[in-house]
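So the chains spell out like this:
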Amino acid sequence: MLLMIRKETIIYMTLIILCLNLSCSGPSLTEYQPKNEEEKEIISLLIQYQDAKINCSLNQFLSCLHEKGEYHFGRGFMVSKNELEESLPSFWAGLKSGSRVVYPMNREMITGNYIITGRFYNPQIEFKQDAAEVIMTFMKWGWRLRHYISMIKENDQWLITRLDWEEN
């Protein structure tokens, strides 16, 4: 009987913690209410970026990026769009396969690049003329990580110029 109570208590506490964690994360990208047309365009691009990441869609992912940008890849390397185009297919294949070779050796080396099913929450957008800085929370199963995104508007289109992750 005592063991059953403990199991139930653990289950309830886990559910409470998950609910609190989710409620403290802010709105998801799809729930976020843009304050103006510029934010609406940026949120649309970020949703496209998130969907491309979740679906491992290389063409969709690359269409979000600026040709001259630099992007965090793997365990902290900054790479070009062309380097991502070469590296992402095999990287994503390794993630989907569950191969231990792809994952970092310790949690301090993990970035959101290693989790393809997480979602973005609580976007904070700061404008600087034809540029924007976005900080979002990346979350999966209550695990959180900050994602820093720099953007520029060229030819009436927002593109990502830098993707970076918080050090875990």
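We now turn to the structure provided with this report. (Residues numbered from 1 in each chain as written. Predicted model: local features only at pLDDT ≥ 70, side-chain atom pairs only at ≥ 80, totals over all residues. Heavy atoms only, no water.)

Within the chain, Cys56 stands out as a residue other than glycine whose phi angle is a positive 50 degrees. What makes Cys56 buried here is its relative accessible area of 15%. The phi dihedral of Gln129 is positive, around 55 degrees, even though this residue is not glycine. Residue classification places Gln129 among the exposed positions, given a relative accessible area of 80%. (Buried < 20%, exposed > 50% of the residue type's maximum accessible area, 1.4 Å probe, protein only.)

A few words on the environment of Leu45. Position of Leu45 relative to the elements: it lies in helix H2 (residues 37–55). By relative accessible area, Leu45 is classed as buried at 7%. Spatially, the C-alpha atom of Leu45 lies 7.3 Å from that of Trp158, the residues being 113 residues apart in sequence. Those residues in contact with Leu45 that lie beyond four places of it in its chain are Cys64, Met151, Trp158, Leu159 and Ile160. (Helix = DSSP H or I, 4+ residues; strand = E, 2+ residues; numbered from the N terminus. Contact = heavy atoms within 4.5 Å.)

Applying the stated rule across the entire model yields 8 aromatic pairs. Measuring from ring centre to ring centre gives 5.5 Å for Phe120 and Phe138, while their planes differ by 55 degrees; the resulting arrangement is tilted. Within this pair, whereas Phe120 is found in strand E3 (residues 119–128), its partner Phe138 is found in strand E4 (residues 131–140), the two being separated by 18 residues in sequence. Residues Phe120 and Phe138 agree in their burial class; the two are buried. (Phe/Tyr/Trp six-rings, centres within 6.5 Å; stacked < 30°, edge-to-face > 60°.)

Considering all chains together, one arrives at 7 salt bridges under this definition. Among the salt bridges present, the one from Glu38 reaches Lys153, with a minimum N-O distance of 2.9 Å. Here Glu38, found in helix H2, pairs with Lys153, found in strand E5 (residues 143–154); they are 115 residues apart in sequence, far enough to count as distant. Owing to a relative accessible area of 28%, Glu38 belongs among the partly exposed residues under this scheme. Put simply, Asp164 and Arg162 hold a salt bridge, and the shortest N to O gap is 3.2 Å. (Salt bridge = Lys/Arg side-chain N within 4 Å of Asp/Glu carboxyl O.)

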